[in-house]
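Chain by chain, the residues:
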Amino acid sequence: MPRSGRLRSFIREYKESPRFEKLSFILPFLILIVEGVLLAHALTIDVPDIMVVELTTILLVISLVEIIFVAGEIHDHYQRSNFDKILTIKLDDFILQSKKNNVKRIVEDFIELYPKYKNHRSEIYHTSCQIMETHKEELIERELTNRLKVFINKTKETNVDDILGTFIKKYPSYKKYRSEIYQKTCQILEKTRK
């Protein structure tokens, strides 16, 4: 591994970049090699053609500039995805600690706690909404599993369709979770049979 910190960090960024960016970074190197060979050949012939040397040199410089731009794109993409990961982790911890349900209050309190995110209010808002939706779904799933276990133990029925129908009649608020109820009922019945 190279000793240079910048080169090590760039290699890490390159490994984590999307496949398209990796491919777009390799192509300028291939063109650069071909242009280098052409330039070396144009300079080694007996009477070098100045026009060929000039054009090949221009193309060589363009390839170098393209490599620099693509490297910058890879770095920007890595920084952005790293920022999103860190923001999501911090926001998730903050939401769990604060126990607030108001997104506006969460955003304001988070920015108050972490002032460096002041300019990223919209990202904080959208990430907070996604995290809160995930927490809500997890809570509903836990409640559904617990209620379903208790319901199955009380009814002692073994037919999944009958359990599903009577459970939805008893708890109509879970009507839109029909497929989840079916899957969980099958899992619970399978565990009780073992």
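Attention here is on the structure that accompanies the text. (Residues numbered from 1 in each chain as written. Predicted model: local features only at pLDDT ≥ 70, side-chain atom pairs only at ≥ 80, totals over all residues. Heavy atoms only, no water.)

**Description of the environment of Pro28**
In step 1: Within the element layout of this structure, Pro28 appears in helix H2 (residues 19-44).
In step 2: Along the sequence, Pro28 and Lys100 sit 72 residues apart, while their C-alpha atoms lie 51 Å from each other.
In step 3: The residues contacting Pro28, other than those within four sequence positions of it, are Ser63, Glu66 and Ile67. (Helix = DSSP H or I, 4+ residues; strand = E, 2+ residues; numbered from the N terminus. Contact = heavy atoms within 4.5 Å.)

**Regarding the packing of aromatic side chains**
In step 1: Under the defined criterion, the tally for this structure stands at 10 aromatic pairs.
In step 2: Plain terms: the ring middles of Phe94 and Phe110 are 5.6 Å apart, the flat faces sit at 70° to each other, and that makes the pair edge-to-face. On the criterion of sequence distance, the pair formed by Phe94 in helix H3 (residues 50-98) and Phe110 in helix H4 (residues 103-113) is long-range, its members being 16 residues apart. Each of the two residues, Phe94 as well as Phe110, counts as buried.
In step 3: Aromatic ring contacts, followed pair by pair, group Phe83, Phe94, Phe110, Tyr114 and Tyr117 into a single cluster. (Phe/Tyr/Trp six-rings, centres within 6.5 Å; stacked < 30°, edge-to-face > 60°. Buried < 20%, exposed > 50% of the residue type's maximum accessible area, 1.4 Å probe, protein only.)

**Thoughts on the layout of surface pockets**
In step 1: Here the largest pocket is characterised by a volume of approximately 300 Å³.
In step 2: Taken together, Ile95, Leu96, Lys99, Lys100, Asn101, Met132, Glu133, His135, Lys136, Glu138, Leu139 and Arg142 make up the full set of residues lining the largest pocket.
In step 3: Contributing elements (two or more residues each) for the lining of the largest pocket: H3 and helix H5 (121-155).
In step 4: For the lining of the largest pocket, a count of residues per class yields 4 nonpolar, 2 polar and 6 charged.
In step 5: Put simply, the second largest pocket is a space of about 150 Å³.
In step 6: Around the second largest pocket, the lining residues are Glu133, Lys136, Glu137, Ile140, Glu141, Leu144, Tyr177, Glu180 and Lys184.
In step 7: Within the residue set of the lining of the second largest pocket, elements represented by two or more residues are H5 and helix H7 (178-193).
In step 8: Tallied by class, the residues present in the lining of the second largest pocket amount to 3 nonpolar, no polar and 6 charged. (1 Å grid on protein atoms, 1.4 Å probe; cavity = no way out; pocket = protein on both sides within 12 Å on 5 of 7 lines; lining within 4 Å. Points joined across faces, edges and corners; volume = space filled by probe spheres on them. Nonpolar A, V, L, I, M, F, W, Y, C, P; charged D, E, K, R; others polar.)

**As for the packing of H5 against helix H6 (residues 160-170)**
In step 1: Packing of H5 against H6 leaves a shortest axis separation of 11 Å and a crossing angle of 115°. Handedness of the H5/H6 crossing: right-handed. Touching Leu144, Arg147, Leu148, Phe151 and Ile152 of H5 are Ile163, Thr166, Phe167 and Lys170, all from H6.
In step 2: Broken down by class, the residue content of the contact of H5 with H6 amounts to 6 nonpolar, 1 polar and 2 charged. (Axes fitted to C-alpha atoms, helices over the stretch in contact; angles between N-to-C directions. Left-handed = near helix turned anticlockwise from the far one by under 90°.)

**Brief notes about the side chain of Asp109**
In step 1: Looking at the element boundaries, Asp109 is found in helix H4.
In step 2: Classification of Asp109 by relative accessible area gives buried; the value is 12%.
In step 3: Ignoring sequence-local partners within four residues, the contact set of Asp109 consists of Phe94 and Lys100.

**Side note on the packing of helix H1 (residues 5-16) against H2**
In step 1: Close contact between H1 and H2 brings their axes to 8 Å; oriented N to C, the two are set at 120°. Accordingly, the angle class assigned to the pair H1 and H2 is oblique. Note on element contacts: H2 touches H1 through Lys22, Phe25 and Ile26, opposite Phe10, Tyr14 and Lys15.
In step 2: Residue composition of the contact of H1 with H2, by class: 4 nonpolar, no polar and 2 charged. (Parallel < 35°, antiparallel > 145°, perpendicular 65-115°, else oblique.)

**Here we look at H5**
In step 1: In a regular helix each residue adds 1.5 Å, so 35 residues correspond to 51 Å; H5 covers 50 Å between its end C-alpha atoms and thus fits that length.
In step 2: Looking only at H5, the buried set comprises Ile124, Thr127, Ser128, Ile131, Met132, Ile140, Leu144, Thr145, Leu148, Phe151 and Ile152.
In step 3: Looking one or two residues beyond H5, the residue adopting positive phi is Lys156, at roughly 60°. (Expected span 1.5 Å × (residues − 1).)

**A closer look at the nonpolar core**
Taken as a class, soluble globular proteins show a tendency for nonpolar side chains to be buried jointly.
In step 1: If you look at the biggest cluster of nonpolar residues, it comprises 15 residues, and the most contacted ones within it are Leu148, Ile152, Phe167, Tyr174 and Ile181.
In step 2: Among the elements of the structure, H5, H6 and H7 are those that each provide at least two residues to this core.
In step 3: Not counting residues within four places of it along the chain, the set of residues in contact with Tyr174 comprises Ile140, Glu143, Leu144, Arg147, Phe167 and Ile181.
In step 4: Judged by nonpolar contacts, the second largest core, of 14 residues, contains Leu91, Val107, Tyr117 and Ile131. (Core = buried A, V, L, I, M, F, W, Y, C linked by side-chain atoms within 4.5 Å.)

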